[in-house]
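Listed below are the residues making up each chain.
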Amino acid sequence: MAPYVSDDSSNAEEADELRAGRRKAARYVVPVAVVGIAAATIGLVPAIADSGDPDLPEITAQQLIEKIAKSDVQQLSGTFKITTDLGLPDLGGLGAGFASGAMASGSGDGSSADPSAKLTELASGTHTLRLAVDGDDKQKLSLLENASEYSLIHNGKDIWGYDSKSNEVYHGTGEEAQADKGKPEEAPGTPKELTEEALKAVDDTTSVTVDGTAQVAGRDAYRLLIKPKQSGSTVGAITVAVDAKTGMPLKFTLTPSSGGSAVIDAGFTQVSFAKPAASTFDFTPPKGATVTEEGGPDKAAREHGGAKSEDELGKELEKEFGGPLSAGALGQGAEGGPEVIGEGWNSVAVFDTGGEGVPSGAEVGGDMGGFLDSLGDKATGKFGSGTVFSTRLINALVTDDGKVYVGAVTKDALVKAADSGK
């Protein structure tokens, strides 16, 4: 790793400690925090904040990242808006059919109030959410919809999900979250959670500077600008507005290298750091509501020696691979994760499915054949041939011999990585 040049010789050691402190687990994480797989590190480039409005004291990028890492806001309430535009194809009724089939197959509990299913809606479109936090044991996240609302509430050992549209309730317990040394769960899709993903970095392929100041939700903030130094990445830049007083990220914007609107734009429109009212976290299932307990029918089956829980399966996999499975372990190649080609923002993960590639439309025939052909672009190279499936941020190449190359890189960079792996 290239050393960070600064007047303070202890900055490198401090940066290592700060990176370790950023890796906080979340129980419910929305799959929009995809930036972490694109960058392996951050080379901290010193920069002074430009003049701007508001007029704030000068600060370096290193100092601002330290400020984010040390931020420990325990109480807040506010409203934030998130817009996600990955450029995914419109699946029409196919998506709904797939979701209902997944529930029928037992991959979910079948409740519209299940957080693991409901919060994936944040992966596309524009959504407004209300957030309230009071320490480790009390958090509430509400997704505001047309004439309806979905709320996820953590109060002590109880976790409630409530969908007002269907009048369905999901109930679970937060014992595992509380066991994590009392750390509060991260609210999915917030600027803070997205920023922590972006700052998980370990090399010097990134330029990090302070790009002036801003006002977000009526608060003074510094703007942290994160940009790849490498060509070939689909990430153009990441801008984080950091609250000047608390160090909490207030707004997160990721723009693609291809230009156009942001892929992810999440920011507070109103925020207060006062203690929320205790009644904010109270919840009693409404009269007539359908209540689904965590585990559902699967839990009863396990008690009679049937299906195993996700935790039980996870422990068996950890035993098989000789250690915990985590996102960090995915870069270990033969140690239990995929092979990784390239570095930094141009990292490409390689999976070998051991099977065949994607069938062509001609092989499938009919409307489904035409649908498959419309999803991807054919590609050829030293690796052979395959199909590239693209979004505005993440691209994947599925070869005809069953290998999958995935990264936040352009189609050309993806093919080049596949060629280099031959």
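For clarity, every value in this text was computed on a predicted model and none was experimentally measured.

S.K.: Could you give an account of the sheet that holds strand β17 (residues 384–390), with specific residues and numbers?
M.R.: Sheet architecture is open: six strands sit in the order β14-β15-β19-β18-β17-β16, paired in antiparallel fashion. Edge positions in the sheet fall to β14 (339–341) and β16 (376–381), since each of these pairs with one other strand and no more. Taken pair by pair, the neighbouring strands of this sheet meet at an average axis angle of 25 degrees, ignoring direction. With three bridges joining them, β14 and strand β15 (residues 348–352) adopt antiparallel strand pairing. The residue of β15 that forms the bridge with glutamate 339 is valine 350. Along the sheet face, helix α11 (residues 411–420) touches β14, β15, β16, β17, β18 (395–399) and β19 (403–407) and points at about 40 degrees away from the line of β16.

S.K.: Residues and numbers for the packing of aromatic side chains, please.
M.R.: Under the defined criterion, the tally for this structure stands at three aromatic pairs. Summarising the aromatic geometry, the rings of tryptophan 160 and phenylalanine 283 are spaced 5.3 Å apart at their centres and angled 45 degrees between planes, so their arrangement reads as tilted. Placement of the pair is tryptophan 160 in strand β6 (residues 158–163) and phenylalanine 283 in the loop between β12 (264–272) and β13 (290–293), with a sequence separation of 123 residues. With a centroid separation of 5.7 Å and 45 degrees between ring planes, the pair formed by tyrosine 162 and phenylalanine 283 is classed as tilted. Residue tyrosine 162 is located in strand β6, and its partner phenylalanine 283 is located in the loop between β12 and β13; the two are separated by 121 residues in the primary sequence.

S.K.: How would you sum up helix α6 (residues 191–198)? Please name residues and give values.
M.R.: The element α6 is extensively covered by neighbouring structure, given that seven of its eight residues are classed as buried. Burial in α6 covers these residues: Pro191, Glu193, Leu194, Thr195, Glu196, Glu197 and Ala198.

S.K.: Can you explain the nonpolar core? Please cite residues and give values.
M.R.: Counting residues in each nonpolar core, the largest one holds 51 residues, and the members touching the most others are Leu224, Ile238, Phe252 and Leu254. No other element matches the five residues that strand β10 (residues 235–243) contributes to this core.

S.K.: Describe the environment of proline 286, with residues and values.
M.R.: Here proline 286 is to be found in the loop between β12 and β13. When the C-alpha atoms of proline 286 and glutamate 168 are compared, they prove to be 9.0 Å apart, with 118 residues separating the residues in sequence. Look past the residues within four positions of proline 286 in its chain and what remains in contact with it is Tyr162, Asn167 and Val169.

S.K.: Tell me about the pattern of salt bridges, and please be specific about residues and values.
M.R.: The final tally for this structure, using the stated rule, is 10 salt bridges. Aspartate 85 is the salt-bridge partner of arginine 392, the closest N and O atoms lying 3.1 Å from each other. Note that arginine 392 is positioned in the loop between β17 and β18 and aspartate 85 in the loop between β2 (75–84) and α3 (93–104), a separation of 307 residues in sequence. Taking relative accessible area as the criterion, aspartate 85 reaches 31% and is therefore assigned partly exposed. Where aspartate 134 meets lysine 275, a salt bridge forms, and the shortest distance between an N and an O atom there is 2.8 Å. Of the two residues, aspartate 134 sits in strand β3 (residues 125–134) while lysine 275 sits in the loop between β12 and β13, which places them 141 residues apart along the sequence. We classify lysine 275 as exposed; its relative accessible area is 56%. If you follow the salt bridges from partner to partner, you end up with Lys118, Glu121 and Glu145 in one network.

S.K.: Got a sec to walk through the confidence of the model for the chain? Specific residues and values, please.
M.R.: In this model, the chain carries a mean pLDDT of 73, and residues with pLDDT of at least 70 account for 63%. No element of the chain has a lower mean pLDDT than strand β1 (residues 43–44), at 36, and none a higher one than β12, at 96. Counting contacts from residues 91–108, a segment whose pLDDT is below 50, to residues more than four positions away or on other chains yields eight contacts. Every residue in residues 361–369 is under pLDDT 50, and counting partners more than four places away or in other chains gives six contacts.

S.K.: Got a sec to walk through the pairing of β10? Specific residues and values, please.
M.R.: With seven of nine residues buried, β10 is to be regarded as a mostly interior element. Here strand β9 (residues 219–228) runs beside β10; their pairing, made up of six bridges, is antiparallel. Directly across from arginine 223, in β10, lies its bridge partner alanine 241. Counting the residues that bridge the hairpin from β9 to β10 gives six residues, and of these glycine 232 lies at a positive phi of roughly 100 degrees. Linkage of β10 to strand β11 (residues 249–256), two consecutive antiparallel strands, is achieved through a turn of five residues, within which glycine 247 is found at a positive phi near 80 degrees.

S.K.: Lay out unusual backbone geometry with the relevant residues and their values.
M.R.: The backbone of alanine 147 sits at a positive phi, close to 60 degrees, despite the residue not being glycine. Along the polypeptide, alanine 147 turns up in the loop between β4 (138–145) and β5 (148–155). Judged by relative accessible area, which is 90%, alanine 147 ranks as exposed. Although it is not a glycine, asparagine 167 adopts a positive phi angle of roughly 55 degrees.

S.K.: Residue-level account of the side chain of aspartate 419, with values.
M.R.: Its location among the elements puts aspartate 419 in helix α11. For the buried residue aspartate 419, which engages in no salt bridge, the nearest side chain bearing the opposite charge is lysine 382, 6.1 Å off. Once you skip the residues sitting within four places of it in the chain, aspartate 419 turns out to touch Gly381, Lys382 and Phe383.

S.K.: Can you explain the environment of glycine 172? Please cite residues and give values.
M.R.: Considering the arrangement of structural elements, one finds glycine 172 in strand β7 (residues 168–173). The spacing of glycine 172 and threonine 292 is 120 residues in sequence and 8.8 Å in space, taken between C-alpha atoms. Beyond its immediate sequence surroundings of up to four residues, glycine 172 is in contact with Lys157, Asp158, Ile159 and Glu294.

Each value, and the rule that gives it
- Residues numbered from 1 in each chain as written.
- Predicted model: local features only at pLDDT ≥ 70, side-chain atom pairs only at ≥ 80, totals over all residues.
- Heavy atoms only, no water.
- Pairing = 2+ DSSP bridges.
- Helix = DSSP H or I, 4+ residues; strand = E, 2+ residues; numbered from the N terminus.
- Axes fitted to C-alpha atoms, helices over the stretch in contact; angles between N-to-C directions.
- Contact = heavy atoms within 4.5 Å.
- Phe/Tyr/Trp six-rings, centres within 6.5 Å; stacked < 30°, edge-to-face > 60°.
- Buried < 20%, exposed > 50% of the residue type's maximum accessible area, 1.4 Å probe, protein only.
- Core = buried A, V, L, I, M, F, W, Y, C linked by side-chain atoms within 4.5 Å.
- Salt bridge = Lys/Arg side-chain N within 4 Å of Asp/Glu carboxyl O.
- pLDDT = per-residue confidence, 0-100.
- Lys, Arg positive; Asp, Glu negative; His and termini not counted.

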